[in-house]
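Tertiary structure, described
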Amino acid sequence: MSIGWGVAGCGWVARDHALPALLAVPDARVVALHDLDPAALERMPVEGAHRTTDLADFLATPGLDAVYVAVPNAGHRPLVEAAAAAGRAVLCEKPLAADVGDAQALVDACTGAGVLLGTAYDQRWHPAHVRLRELVPELGTVTAVRIVYCCWLPEDWTPDGRPHDNWRVDPARAGGGAAIDLAPHGLDLVGTLLGEDVTTLSALLQTRVHDYGVDDGALLTGSTDGGVLVSLHVAFNTPDALPRRRLEVVGTRGLAVAVDTMGQTAGGSLTLYRPDPVDVPFATGTTPFQAQFAAFTDAVAGGAWWPYDPARDLALHRLLLTALDGGKP
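Predicted model only: the values in this text are computed from it and were never measured.

Sequence positions flagged by UniProt for "domain: GFO/IDH/MocA-like oxidoreductase" (unreviewed entry) are, in local numbering, residues 133–255. Structurally, residues 133–255 comprises 20% helix and 33% strand, and the distance from its first C-alpha atom to its last is 13 Å.

One finds Val145, Leu194 and Leu220 to be the most contacted residues of the largest nonpolar core, which totals 49 residues. The greatest single-element share of this core, amounting to ten residues, is contributed by helix H8 (residues 178–194). The contacts of Leu220, once residues within four sequence positions are left out, are Ala183, Leu201, Ser202, Ala203, Val230, Ser231, Leu232, Val234, Leu320 and Leu324. By size, the runner-up hydrophobic cluster in this structure holds 33 residues, among which are Trp5, Val7, Ala70 and Phe293.

Within the structure shown, the criterion is met by 19 salt bridges. Across the salt bridge formed by Asp313 and Arg124, the nearest N and O atoms sit 3.7 Å from each other. Within this pair, whereas Asp313 is found in helix H10 (residues 310–325), its partner Arg124 is found in the loop between strand S6 (117–120) and helix H6 (127–135), the two being separated by 189 residues in sequence. Take Asp313 and Arg124: they sit in the same class, and that class is buried.

Where empty space is left can be seen by rolling a probe of water-molecule size over the atoms. If you walk through the whole model with that rule in mind, you get one cavity of 30 Å³ or more. In this structure, the largest cavity encloses a volume near 30 Å³. Lining the largest cavity are Pro95, Tyr121, Pro184, Leu187, Leu316, His317 and Leu320. Listed by contribution, the elements that provide at least two residues to the lining of the largest cavity are H8 and H10. For the lining of the largest cavity, the element with the highest residue contribution is H10, accounting for three residues. Residues that form the lining of the largest cavity fall into these classes: six nonpolar, one polar and no charged.

Procedures and definitions
- Residues numbered from 1 in each chain as written.
- Predicted model: local features only at pLDDT ≥ 70, side-chain atom pairs only at ≥ 80, totals over all residues.
- Heavy atoms only, no water.
- UniProt positions renumbered as here; feature names shortened; annotations may be inferred.
- Helix = DSSP H or I, 4+ residues; strand = E, 2+ residues; numbered from the N terminus.
- Core = buried A, V, L, I, M, F, W, Y, C linked by side-chain atoms within 4.5 Å.
- Buried < 20%, exposed > 50% of the residue type's maximum accessible area, 1.4 Å probe, protein only.
- Contact = heavy atoms within 4.5 Å.
- Salt bridge = Lys/Arg side-chain N within 4 Å of Asp/Glu carboxyl O.
- 1 Å grid on protein atoms, 1.4 Å probe; cavity = no way out; pocket = protein on both sides within 12 Å on 5 of 7 lines; lining within 4 Å.
- Points joined across faces, edges and corners; volume = space filled by probe spheres on them.
- Nonpolar A, V, L, I, M, F, W, Y, C, P; charged D, E, K, R; others polar.

Structure below.
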């Protein structure tokens, strides 16, 4: 069964990562594109898709089954509610919304309409992280997960040298800065890898390098109900030329280290220490975005179960925003 996809929000992530991934999924067809900016619509390299700045027109596109929502965080709720009312399945970018109230409302809208809702945590689909999940039992009793996920994001950042609306540093549209943008991936990964979620969390926010009204760095610490300690260092103030992406899972019989896996490509390395290091191979032919879209397409078509409950994603969102509210510098 072929599934018709629409992309709502045609910024650089949708253009450079989501769209190529969708086009690579055999059972997915991109039938519609929506953005308030006509220029953004025209930059999307796909033939035959209906392009419109009107949301109702977009949702009425013949053959539209699922919508990928990639607008700024504050715009998630109205778009998801409209898609749910139209009976379309929704894959919504993380974080679910700029605040907890909007996140709760959009989850309720999809639940009430009986449509499938997924959060686009693409890192759970990285092939190194899939392999790491299989290796966790070999580590013994897991005691800690340590994550560094950083990048360089000045106010005038642009993905391609052209003028760019860097909404991720706009508090009104993003709801925060580095922490709300990057920490959701780490929180989701802990639960995905271990099978138990972070349930306590505190945060220290930083505004040290960039002067743009939101945090440019954060340190978050917490634990799971089972007692696994978790630390996340996320930042917009780490130059890209430096080592800045590392995931460690520590156990009583071993240590797994993934380097440069947290990103949009399927690259990086995975090493298992017990105690001598062994390089662990993993497939690199499928990007995290492609694997995510393939799984969601299969779920919309009824060929598989989507294993991630939106109520769980909402709980993680609430946990994060509560911690950030108490960690302001």
